[in-house]
Amino acid sequence: MHLRGLDLNLLIILDVLLAERNVTRTGERVHLSQSATSGALSRLREFFDDQLLVQVGQRMELTPFAEMLSEEVHDVISKCEAIVDKNQKFDPETSTRTFRLNISDASATVVMNKAISLIQQQAPHIRLDISSIIDGPISEYLNIGVIDLIVTPEKLVSTQHPSEFLFDDQFVCVVWSGNPLCNTGIDLNSYLSSGHIVARFSKMIGWAMDEVFLSESGYQRRIDIVVPSFSMLMTQLIGTNLIATVHERFARYYAKYLPITMFPCPVNTVPFGMKLQWHRHHDGDLGIQWLRNVMHSSVSDIDPLS
């Protein structure tokens, strides 16, 4: 079908190009060769009289016009997919679908071991593409179709899309078992005077995730070490006198394997919810519904917080 001379099938390719910003990955997702995908990009450039994607250093960037198109194009494609999917079935036993999940390594430690086991049992042919870094608002990643499902603290949930509670958590302090604080405990004074190690894994966020909560208390820590993941934070803590403020459920897991000790956080941080979020147009998507159910099953028997 054509609209004003544009083959509408090219809009599907354009949607993926604007999301992936990479010809090779786009071709893989739409099942076209790299040369065919490059040809489609050339036709789109000619039609819109715009380069759409330009080489900047080692990567491709969107032109201002492409930035403007991105959300609108994906919204159109998502609505079309929602219409097509209304009467579609999803059979996990035979599906070969790829689901894109965004979850921090801290939450993945709590959820994904059991979730992956359930997925392999129920849907042996599907592919799960897991990422942990987001360089912009969550809604943007849902809007352009890069992510199907996100696990995020409730404070970061987008109001544009539906979400649901997955599990609760809270912050605790963690130190190496050789830290002198293991003998004295951690009070507010020792917490504020000690050096801290934090995880900052997003270019979007110039602060560590726990700083969102701590900032509300009015206190400020001394941050000595910044690492790009929660898992690296736990291993780099060993042999130091630093304090890490991390999710309790994540700390419990590592306490089984590393010489660390947990303490209550002396700053009054209340428990918080972790939520699942997906695009509003995929509310009726049976595949997304199935994956959400798997995620809920994976946390159905986790222990209560201390």
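Going along each chain's sequence as written, the residues are numbered from 1 onward. Per-residue local features of the predicted model are confined to residues with pLDDT of at least 70, and side-chain atom pairs are confined, for both listing and counting, to 80 or more; whole-chain, interface and lining totals are unaffected and use all residues. In computing side-chain properties, one takes all heavy atoms of the structure into account and sets aside hydrogens as well as water.

**Student:** Even after reading the chapter, I still don't get the overall build of the protein chain, so can you show me in this structure?
**Tutor:** Strands here mean DSSP runs of E at least two residues long; helices mean DSSP runs of H or I at least four residues long; both are numbered from the N terminus. Scanning the protein chain from terminus to terminus reveals 12 helices and 14 strands. Counting only C-alpha atoms, the protein chain reaches 75 × 45 × 30 Å along its principal axes. Contacts are residue-level and defined by heavy atoms, with any inter-residue pair within 4.5 Å sufficient. Relative to all contacts within the protein chain whose residues are 6 or more apart in sequence, the contacts with residues 24 or more apart total 76%.

**Student:** Help me understand the pattern of salt bridges in this model?
**Tutor:** Pairing between side chains of opposite charge can happen when their charged atoms approach one another. Criterion for a salt bridge: a side-chain nitrogen of Lys or Arg within 4 Å of a carboxyl oxygen of Asp or Glu. One pass over the structure, following the stated rule, counts 12 salt bridges. A salt bridge links Arg 29 to Glu 20, with the nearest nitrogen and oxygen atoms 2.9 Å apart. Each residue's exposure class comes from its accessible area (1.4 Å probe, protein chains only) as a fraction of the maximum for that residue type: buried when under 20%, exposed when over 50%, partly exposed otherwise. Since its relative accessible area comes to 27%, Arg 29 is described here as partly exposed. Salt-bridge contacts for Asp 168 lead to Arg 249; the nearest nitrogen and oxygen are separated by 2.8 Å. Of the two residues, Asp 168 sits in strand S8 (residues 163-169) while Arg 249 sits in helix H11 (residues 248-255), which places them 81 residues apart along the sequence. Given a relative accessible area of 29%, Asp 168 falls into the partly exposed group. Taking relative accessible area as the criterion, Arg 249 reaches 8% and is therefore assigned buried. Through salt bridges with shared partners, a single ionic network connects Arg 21, Arg 59, Glu 61 and Glu 67.

**Student:** Sorry if this is basic, but what is going on with the packing of helix H5 (residues 105-122) against H11 here?
**Tutor:** If you want to describe how two helices pack, look at the angle between their axes and the distance between the axes. Axis definition: a line fit to C-alpha positions, over the contact stretch in the case of helices; interaxial angles, taken between N-to-C directions, run 0 to 180 degrees. Look at H5 against H11: their axes get within 8 Å of each other, and the N-to-C directions meet at 70°. Classified by the angle their axes make, H5 and H11 are roughly perpendicular. Only Arg 249, Phe 250, Tyr 253 and Tyr 254 of H11 make contact with H5, whose side of the interface consists of Asp 105, Ala 106, Thr 109, Val 110 and Asn 113. By the definition adopted for this analysis, an angle is roughly parallel if under 35 degrees, roughly antiparallel if over 145, roughly perpendicular if from 65 to 115, and oblique otherwise.

**Student:** I'm lost on the sheet that holds strand S9 (residues 171-176) in this one. Help?
**Tutor:** Pairing between sheet strands relies on hydrogen bonds along the backbone, with the strands arranged either parallel or antiparallel. A pair of strands is considered paired only if DSSP assigns at least 2 bridges between the two. The antiparallel open sheet is built from three strands, whose spatial order is S12-S9-S13. The sheet is open, and its two borders are formed by strand S12 (244-247) and strand S13 (260-264), each paired with just one other strand. The mean inter-strand angle of the sheet, taken between neighbouring strand axes irrespective of direction, is 40°. In the sheet, S9 pairs with S13 via five bridges, with the strands oriented antiparallel. Residue pairing for S13: Cys 173 is matched across the bridge by Phe 263.

**Student:** Any chance you could explain the layout of surface pockets here in plain terms?
**Tutor:** If a probe as big as a water molecule is rolled over the atoms, it shows which places are left empty. Here a cavity is any set of points on a 1 Å grid over the protein atoms alone where a 1.4 Å probe fits but cannot get out, and a pocket is any open set with protein on both sides within 12 Å along at least 5 of 7 lines; a residue lines the site when it has an atom within 4 Å of a point. Grid points are joined across faces, edges and corners, and a volume is the space filled by probe spheres set on the points. Roughly 320 Å³ of internal volume is contained in the second largest pocket. Among the secondary structure elements, those contributing two or more residues to the lining of the second largest pocket are H5 and H11. Take the lining of the second largest pocket: its biggest share by element is four residues, from H5. For the lining of the second largest pocket, the class distribution of residues is three nonpolar, three polar and six charged. Three classes are used, and their members are as follows: Ala, Val, Leu, Ile, Met, Phe, Trp, Tyr, Cys and Pro are nonpolar, Asp, Glu, Lys and Arg are charged, and the others, Gly among them, are polar.

Interpretation in functional terms is not warranted from these geometric data alone.
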